[in-house]
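What the coordinates show
Chain by chain, the residues run as shown.
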Amino acid sequence: MIKDVQERILKLKKEKDICILAHSYQGREIVEVADFVGDSFQLSRMAQTAPNANILFCGVHFMAETAKMLSPEKRVYLANPEAGCPMAEQMEPDMIQALKDMDPERKVVAYINTTAKLKCVCDVCVTSSSAVKIVKAMEDKKILFIPDCNLGAFVQKAVPDKDIKLLQGGCPVHASVTLKDLEDAKAKHPDALVLVHPECNPEVTDRADYVGSTSGIMEYAKKSDAKEFIIGTEMSIAEHLQYEEPDKKFYILSKKILCPNMKLTTLMDVLNSCEGINCGGGFEILMSDEEIKAARVCIDEMLRLG
Ligand code: 13P
Ligand code: SF4
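A brief report on the enclosed structure follows. Remember, it's a predicted structure, so these values are computed and weren't measured experimentally.

Criteria and thresholds
Residues numbered from 1 in each chain as written. Chains lettered and ligands numbered in written order. Predicted model: local features only at pLDDT ≥ 70, side-chain atom pairs only at ≥ 80, totals over all residues. Heavy atoms only, no water. Helix = DSSP H or I, 4+ residues; strand = E, 2+ residues; numbered from the N terminus. Rg over C-alpha atoms; globule rule 2.2 N^0.38 Å. Buried < 20%, exposed > 50% of the residue type's maximum accessible area, 1.4 Å probe, protein only. Contact = heavy atoms within 4.5 Å. Areas by Shrake-Rupley, 256 points an atom, 1.4 Å probe, with all protein chains shown as cover. Lys, Arg positive; Asp, Glu negative; His and termini not counted. Charge placed at Lys NZ, Arg CZ, Asp CG, Glu CD. Expected span 1.5 Å × (residues − 1). Bend = angle between axes of the 7 residues up to and from the residue. Near = heavy atom within 4 Å. Nonpolar A, V, L, I, M, F, W, Y, C, P; charged D, E, K, R; others polar. Phe/Tyr/Trp six-rings, centres within 6.5 Å; stacked < 30°, edge-to-face > 60°. Lys NZ or Arg CZ within 6 Å of the ring centre and 35° of its normal. Pairing = 2+ DSSP bridges. Axes fitted to C-alpha atoms, helices over the stretch in contact; angles between N-to-C directions. Core = buried A, V, L, I, M, F, W, Y, C linked by side-chain atoms within 4.5 Å. Polar contact = N/O pair within 3.5 Å; in protein donor to acceptor, adjacent residues only side chain to side chain.

Considerations on the overall build of the protein chain
Along the protein chain, the regular secondary structure elements total 14 helices and 13 strands. Taking 2.2 N^0.38 as the reference for a compact globule, 306 residues should give roughly 19 Å; the C-alpha atoms of the protein chain span a radius of gyration of 19 Å, in line with that estimate. For the protein chain, with 306 residues in total, the buried portion stands at 57%. Contacts spanning at least 24 positions in sequence make up 62% of the contacts within the protein chain whose residues lie at least 6 apart. Carbon and sulfur atoms form 53% of the exposed surface of the protein chain, whose accessible area is close to 13300 Å². The average position of the 38 basic charges and that of the 47 acidic charges among the side chains of the protein chain differ by 2 Å.

Structure below.
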């Protein structure tokens, strides 16, 4: 049954010139029909370079929005319109603008997990893989890092010569992991290396063997000579790694790290979207030229510094 649905999707992709981009937090059955799988920023770049007229994004809303901003001439669709990221919607542009007005010298660095509306009032965008590098490369010394205070704290430690202020935002999924979860996992698997996402709490990232983005974690695990790994990010990553590296063992750091937003997208959503594309259906990301222009400023600045 799953195979039949996948075959229908593969056929529609060809007929309708659709490129399917899947974030690596998507399940196996979706990853198998995707043209490219990666972290949020890699996928936006793929949307830019893909020759197809239609992009179908399997991930959350801000990711499809970023893809649209980077390739406005393409039609970008989100496979499940309900799939949002709570962190991306935590802060209102008015609040950030008010903080900027009070301290105009302080540059606002926004994690890519933000809405386009919020990006419009930010100076530079970063991803989990580029945050440290970009903040180091900025000429500015005074920074307000939003919305994720865990990623922000990770950057603070790596760039101690800058004055980095944080606000209380973050990913409820990664922030749910506690030191006790880490200790329990290590007690169960004492030989395993611990690889975690910087969205986890500092008490967790401080004790990890490696801290990095989704793709960073995957790359590290594949290249490492170690045989066992505790994976501290969305549990699909451990599953994909287990498929790709059958001679190694991957354990999830906590069963709480399941992103309900990422998991909203089903294979049937992918099929329904493919059927709808070019036939008046599918959930298309629509943005005005002005909106794209304003929100792209901080993305272009990231590309310049990165
Ligand atoms: P990446 O940028 O590592 O893909 O992370 C996106 C995300 O939503 C992590 O929770
Ligand atoms: Fe958003 Fe966290 Fe889910 Fe990533 S894991 S999409 S940051 S809620």
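Focus on helix α14 (residues 289-305)
The end-to-end C-alpha separation of α14 is 24 Å, in line with the 24 Å expected for 17 residues at 1.5 Å each. At R296, α14 shows its largest bend, some 40°. Taken together, the buried positions of α14 are occupied by I292, A295, C298, I299, M302 and L305. Contact partners of the buried residues in α14: α3 (40-49), α4 (61-70), α6 (116-119), β6 (124-126) and α7 (131-137).

Some thoughts on the site of ligand 2
Around ligand 2, the structure places Y25, C85, P86, M87, N113, C171, H174, E199, C259 and N261. Split by residue class, the shell around ligand 2 holds six nonpolar, three polar and one charged.

A word on the packing of aromatic side chains
Applying the stated rule across the entire model yields two aromatic pairs. Taking the centre distance of 4.5 Å and the plane angle of 20° together, the rings of Y210 and Y220 count as stacked. Here Y220 lies in helix α11 (residues 214-223) and Y210 lies in strand β10 (residues 210-211), a separation of ten residues in the sequence. The exposure class of Y210 is partly exposed, given its relative accessible area of 23%. Residue classification places Y220 among the partly exposed residues on the basis of a relative accessible area of 29%. Seen from their ring centres, F229 and F250 are 5.2 Å apart, and the 15° between their planes marks the pair as stacked. Separated by 21 residues along the polypeptide, F229 in strand β11 (residues 228-232) and F250 in strand β12 (residues 249-252) bring together distant segments of the chain. Like F229, the residue F250 is buried in the burial classification. The cationic tip of R28 hangs over the ring face of Y243; the distance from NZ or CZ to the ring centre is 4.2 Å.

Describing the sheet that holds β12
Spatial strand order, β10-β9-β11-β12: four strands in an open sheet with parallel pairing. A strand with exactly one partner marks an edge of an open sheet, and here the two such strands are β10 and β12. This element, α11, spans β9 (193-196), β10, β11 and β12 of the sheet and lies at about 160° to β9.

Overview of the sheet that holds strand β1 (residues 18-23)
Read from one edge of the open sheet, five strands run β2-β1-β3-β4-β13, paired in mixed fashion. Edge positions in the sheet fall to β2 (36-38) and β13 (283-284), since each of these pairs with one other strand and no more. Summarising the sheet, β1 and β2 pair through three bridges and their orientation is parallel. Directly across from H23, in β2, lies its bridge partner G38. Strand contacts of α3: β1, β2 and β3 (54-58), with the helix running at about 150° to β2, the strand carrying the most contacts. Those strands touched by helix α13 (residues 267-276) are β1, β3 and β4 (75-78), and its axis lies near 165° from that of β3.

Quick word on the nonpolar core
Ranked by internal contacts, the top residues of the largest apolar core, which has 86 residues, are F57, C122, I146, V155, V196, I231 and L253. With sequence-adjacent residues up to four places away left out, V196 is seen in contact with V204, T205, A208, Y210, V211, G212, I217, G232 and L253. Core analysis: the second largest hydrophobic core is formed by 18 residues, I30, V33, C58 and C274 among them.

Observations concerning the side chain of K100
Its location among the elements puts K100 in helix α5 (residues 93-102). Judged by relative accessible area, K100 falls into the buried class, the value being 18%. When neighbours within four sequence positions are excluded, K100 is seen to be in contact with V108, V121 and D123.

Looking at the site of ligand 1
Taken together, the neighbourhood of ligand 1 is formed by 13 residues, with H23, D39, S40, E199 and T214 sitting nearest. The side chain of S128 places a nitrogen or oxygen atom 3.1 Å from an oxygen atom of ligand 1. One of the side-chain nitrogen or oxygen atoms of E199 is found 2.9 Å away from an oxygen atom of ligand 1. Surface burial for ligand 1 is 95%, taken as the share of its 300 Å² of free accessible area covered by protein chains. Grouping the amino acids of the shell around ligand 1 by side-chain chemistry returns three nonpolar, eight polar and two charged.

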